Amino acid sequence: MVNKRAQWTPEQASTLSQLVPDQGGEFHFSVRMKKNISLIDRSPLEDFLLTVIPRATFQLPVLPHQVIKWTGGTTELKMNSNLGVLAQTRYWTPEGEQLGRGPLPPRVGSKTTYWVTVNVSNTIHDLYETKVAIPLAPGVVWTGRSSVSAGSPLKFDKTTNSFIWTIGRLDNFLGSHAPEVTTSIELAITPGPENRNTALTLVKGASASGIDAITKTPLTGTSPDATTELSSDQHGGGNGIVQ
């Protein structure tokens, strides 16, 4: 693709060298969209559309010296919003304030508490019926403390050891011009002897779902596991292996 054009010539596709009456065919191509889109990528009142305009040039045997140009109808494809979710474990705040309690690195037989934050982001369109599922790993216990920045309070299901967070409407461009929607949960774990020399999973694959208000397309997003490795904690990183 060059200059936002996908082009095929007889040198690239031999079937274009000569077409007989009633002959047809198809060409397939894909385009990569920007993963993160911000407000600066659009002008006022502009919607996000992928516009496709087919054009062709050809010659007829009866008019060998004349190039004929043809333009087909315009097709506009609406882009879906991008729903993102990310679960991260913290023992310390970015400013260095202690959040967790208990030994760090975690120790066999001793309880350590962490805070797991689940951030939800969104790009170009509002979403509705937005929900987040937050499953806890085996052996992880909720202390009863949590908070949400939007939507309904967390609902905890003891039988599945998981949370459901109902957000409902999710505004567009969260994470670019506005803070992400966030929930924070205090979790505790007491490693057993079988956990020695391993990092433990606290939240296993938090997932978000919602419906694009413009395209009506169901959207989903899944987070990597949140573990005791504290990869996003600049003060506690490297202290996640059970001793």
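Asker: Now, about the nonpolar core: what can you tell me, with residues and values included?
Answerer: Counting 32 residues, the largest nonpolar core has Val-116, Val-120, Val-132, Ile-134, Leu-187 and Val-203 as the members making the most contacts within it. Elements with a contribution of two residues or more to this core: β5 (84–90), β6 (112–121), β7 (127–135), β10 (162–170), β11 (181–189) and β12 (201–203). Apart from the residues within four sequence positions on either side, Ile-134 is in contact with Val-118, Leu-154, Ser-162, Phe-163, Thr-183, Ile-185 and Val-203.

Asker: So what's going on with a nonpolar patch on the surface? Which residues, and what values?
Answerer: A cluster of nonpolar side chains, Trp-8, Phe-27, Phe-29, Val-31, Val-52 and Leu-77, forms an exposed patch at the surface whose accessible area comes to about 480 Å². On the secondary structure map, Val-31 appears in the segment before β1 (49–52). Classification of Val-31 by relative accessible area gives partly exposed; the value is 32%.

Asker: Describe in detail the sheet that holds strand β13 (residues 207–212), supporting the description with residues and values.
Answerer: Read from one edge to the other, the open sheet built from five strands follows the order β9-β10-β7-β13-β14, with strand pairing classed as antiparallel. The open sheet has two edge strands with one neighbour each: β9 (155–157) and β14 (218–222). Across the sheet, the axes of successive neighbouring strands diverge by a mean angle of 20 degrees, strand direction being ignored. With three bridges connecting them, β9 and β10 associate as antiparallel partners. Looking at the pairing, Phe-156 lines up with Phe-163 of β10.

Asker: Let's hear about the packing of aromatic side chains: which residues, and what values?
Answerer: The description of two aromatic rings rests on the distance between their centres and on the angle between their planes. Tallying each qualifying case throughout the model produces five aromatic pairs. Note on Trp-142 and Phe-156: the rings are 5.3 Å apart at their centroids and 55 degrees apart in plane angle, and the pair reads as tilted. With a gap of 14 residues between them, Trp-142 in strand β8 (residues 140–148) and Phe-156 in strand β9 connect regions that are remote in the sequence. Here Phe-156 falls in the partly exposed class, since its relative accessible area comes to 27%. Here the aromatic cluster, defined as three or more aromatic residues joined through ring pairs, consists of Tyr-91, Trp-92 and Tyr-114.

Asker: I'd like a description of unusual backbone geometry, backed by residues and values.
Answerer: With the exception of glycine, most residues fall at negative phi, and the peptide bonds are largely trans. In this chain, Leu-104 is followed by Pro-105 through a cis amide linkage whose omega measures 0 degrees. Within the fold, Pro-105 resides in the loop between β5 and β6. Residues other than glycine seldom take positive phi values, yet Glu-129 does so here, at roughly 55 degrees. Within the secondary structure layout, Glu-129 lies in strand β7. Backbone geometry at Lys-216 places phi at a positive 65 degrees, although glycine is not the residue there. Here Lys-216 shows up in the loop between β13 and β14.

So, how was this worked out
- Residues numbered from 1 in each chain as written.
- Predicted model: local features only at pLDDT ≥ 70, side-chain atom pairs only at ≥ 80, totals over all residues.
- Heavy atoms only, no water.
- Core = buried A, V, L, I, M, F, W, Y, C linked by side-chain atoms within 4.5 Å.
- Buried < 20%, exposed > 50% of the residue type's maximum accessible area, 1.4 Å probe, protein only.
- Helix = DSSP H or I, 4+ residues; strand = E, 2+ residues; numbered from the N terminus.
- Contact = heavy atoms within 4.5 Å.
- Patch = residues over 30% accessible without salt bridge, like charges linked within 9 Å, V, L, I, M, F, W, Y side chains within 5 Å.
- Areas by Shrake-Rupley, 256 points an atom, 1.4 Å probe, with all protein chains shown as cover.
- Salt bridge = Lys/Arg side-chain N within 4 Å of Asp/Glu carboxyl O.
- Pairing = 2+ DSSP bridges.
- Axes fitted to C-alpha atoms, helices over the stretch in contact; angles between N-to-C directions.
- Phe/Tyr/Trp six-rings, centres within 6.5 Å; stacked < 30°, edge-to-face > 60°.

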